[in-house]
Amino acid sequence: MRTNIVAGNWKMNKTASETDALLDELAAKLPDSSAEVMVAPVFVNLAEAVRRMDTSRIEVIAQNMHFADSGAFTGEVSADMLLDIGIGTVILGHSERRAYFGEDDQLLAKKVAQAVKKGLRSIFCFGEELQDRKAGKHFEVVASQLKKALFGLPVSAWGKIVLAYEPVWAIGTGETASPEQAQEMHAFIRKIVSDAYTDAVAQKVSILYGGSVKPENAAEIFSKPDVDGGLIGGASLKADDFVAIIRAIS
Ligand code: PGA
């Protein structure tokens, strides 16, 4: 009913030749799986990555995008530029964009709206920080992030939205939310999407978990009913680890 997705966020890693080598290795080792498989190399390597994965079922996606059509935004990349090189999916709102580049919910609402307008699929990232969880505010924080950035969208937009719950305290730290914590939050997310829209919308949206997913913990996290795959950082940089994580979902 829902699409399972395993997406690798390569962040600011891999030169052009390293990107080519990792893509080739992944394509060669890719297991049969019902899950969609995506990887997000850096902007400068995207066009070549798309060409390289032309005959593979690995989808090459972008890590970020600007909300404007074009113009005086030095260093930025537009939706049309991504579409023009064959990119159909973009990660938006990653916690590193929020923490280091000042992206807030209002800005992200504009980015998601632009992606929807242009027909790009968004993988929208959100999640609480450690202090929020310690204070018992994690549900409140997540609800607020979704409401501000996404709940202004029309129902029709939701076919192009993938959610990625990434508790900030679990990203790159080796600390993982327990499968129970992930399931609890994913069920909550589905409930608030259902309340804001309809149950049909909530049942159809894929909700990925992200934060220190590894070959050792992937199967248990993915076995939870409301976890529809993962957004993988560090472990997506090694073909064998990423392939093991893809296997864990099928
Ligand atoms: P990690 O990163 O798997 O290295 O924790 C996840 C992410 O940032 O998407």
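To start, this report covers the structure provided alongside it. (Residues numbered from 1 in each chain as written. Predicted model: local features only at pLDDT ≥ 70, side-chain atom pairs only at ≥ 80, totals over all residues. Heavy atoms only, no water.)

On to the site of the ligand. With respect to spatial proximity, 13 residues lie near the ligand, and among them Lys 11, His 94, Glu 166, Gly 172 and Ser 212 are the closest. Separating an oxygen atom of the ligand from a side-chain N or O atom of His 94 is a distance of 2.6 Å. Between Gly 233 and the ligand, the recorded distance is 2.9 Å, taken from a backbone N or O atom to an oxygen atom. In isolation the ligand exposes 280 Å². Once the protein is present, 95% of that is buried. Of the residues that constitute the shell around the ligand, the class distribution is four nonpolar, seven polar and two charged. (Near = heavy atom within 4 Å. Polar contact = N/O pair within 3.5 Å; in protein donor to acceptor, adjacent residues only side chain to side chain. Areas by Shrake-Rupley, 256 points an atom, 1.4 Å probe, with all protein chains shown as cover. Nonpolar A, V, L, I, M, F, W, Y, C, P; charged D, E, K, R; others polar.)

One simple way to see leftover space: roll a probe sized like a water molecule over the atoms. Taken as a whole, the largest pocket spans an internal volume of roughly 500 Å³. It is helix H4 (residues 95–101) that contributes the most residues to the lining of the largest pocket, four residues altogether. Per-class residue counts for the lining of the largest pocket are nine nonpolar, five polar and four charged. Quantified by volume, the second largest pocket comes out at close to 230 Å³. Trp 158, Gly 159, Ile 161, Lys 204 and Val 205 are the residues nearest the centre of the second largest pocket, which is lined by 14 residues in total. Residue assignment for the lining of the second largest pocket shows that the elements contributing at least two residues are strand S6 (161–165) and helix H9 (199–204). Sort the elements by how many residues they give to the lining of the second largest pocket and H9 lands first, with three residues. (1 Å grid on protein atoms, 1.4 Å probe; cavity = no way out; pocket = protein on both sides within 12 Å on 5 of 7 lines; lining within 4 Å. Points joined across faces, edges and corners; volume = space filled by probe spheres on them. Helix = DSSP H or I, 4+ residues; strand = E, 2+ residues; numbered from the N terminus.)

Below, the discussion takes up helix H11 (residues 239–249). For H11, every residue scored as buried is listed here: Ala 239, Phe 242, Val 243, Ile 245, Ile 246 and Ile 249. Along the axis of H11, the buried residues cluster in a sector spanning 155°; they form a single face. (Buried < 20%, exposed > 50% of the residue type's maximum accessible area, 1.4 Å probe, protein only. Arc of directions from axis to C-beta.)

Before going further, it helps to examine the sheet that holds strand S7 (residues 207–210). The parallel open sheet is built from eight strands, whose spatial order is S3-S2-S1-S8-S7-S6-S5-S4. In this open sheet, the two strands that pair with only one neighbour each are strand S3 (58–60) and strand S4 (89–92). Put simply, the sheet's adjacent strands are angled 25° from each other on average, direction ignored. Across five bridges, the pairing between strand S1 (residues 5–9) and strand S2 (residues 36–40) is parallel. The residue of S2 that forms the bridge with Ala 7 is Met 38. (Pairing = 2+ DSSP bridges. Axes fitted to C-alpha atoms, helices over the stretch in contact; angles between N-to-C directions.)

Once that is clear, we can look at the packing of helix H1 (residues 16–29) against H11. Relative orientation of the contacting elements H1 and H11 amounts to 35°, with a least axis distance of 10 Å. Regarding H1 and H11, the two cross each other, and that crossing is right-handed. Mapping the contact onto sequence places Leu 22, Glu 25, Leu 26 and Lys 29 in H1 and Ala 239, Asp 240, Phe 242, Val 243 and Arg 247 in H11. By residue class, the composition of the contact of H1 with H11 is five nonpolar, no polar and four charged. (Left-handed = near helix turned anticlockwise from the far one by under 90°. Contact = heavy atoms within 4.5 Å.)

Another aspect to go through is the packing of helix H5 (residues 105–118) against helix H7 (residues 138–150). It is at 7 Å that the axes of H5 and H7 come closest, and there the two elements cross at 45°. Put simply, H5 runs oblique to H7. As H5 packs across H7, the resulting crossing turns out to be right-handed. Residues Asp 105, Gln 106, Leu 108, Ala 109 and Val 112 of H5 lie in contact with H7, whose contacting residues are Gln 145, Lys 148, Ala 149 and Leu 150. Across the contact of H5 with H7, the residue classes break down as five nonpolar, two polar and two charged. (Parallel < 35°, antiparallel > 145°, perpendicular 65-115°, else oblique.)

A complete count under the given rule lists eight aromatic pairs for this structure. With centroids separated by 5.1 Å and ring planes inclined at 55°, the aromatic side chains of Trp 158 and Tyr 197 adopt a geometry described as tilted. Of the two residues, Trp 158 is situated in the loop between H7 and S6 and Tyr 197 in the loop between helix H8 (179–196) and H9; the sequence distance between them amounts to 39 residues. Given the relative accessible area of 6%, Trp 158 is considered buried. Taking the relative accessible area as the measure of exposure, Tyr 197 reaches 14% and is therefore buried. Through a chain of ring-to-ring contacts, three or more aromatic side chains come together here, namely Phe 124, Phe 126, Tyr 165 and Tyr 209. (Phe/Tyr/Trp six-rings, centres within 6.5 Å; stacked < 30°, edge-to-face > 60°.)

Structural measurements only, silent on function.
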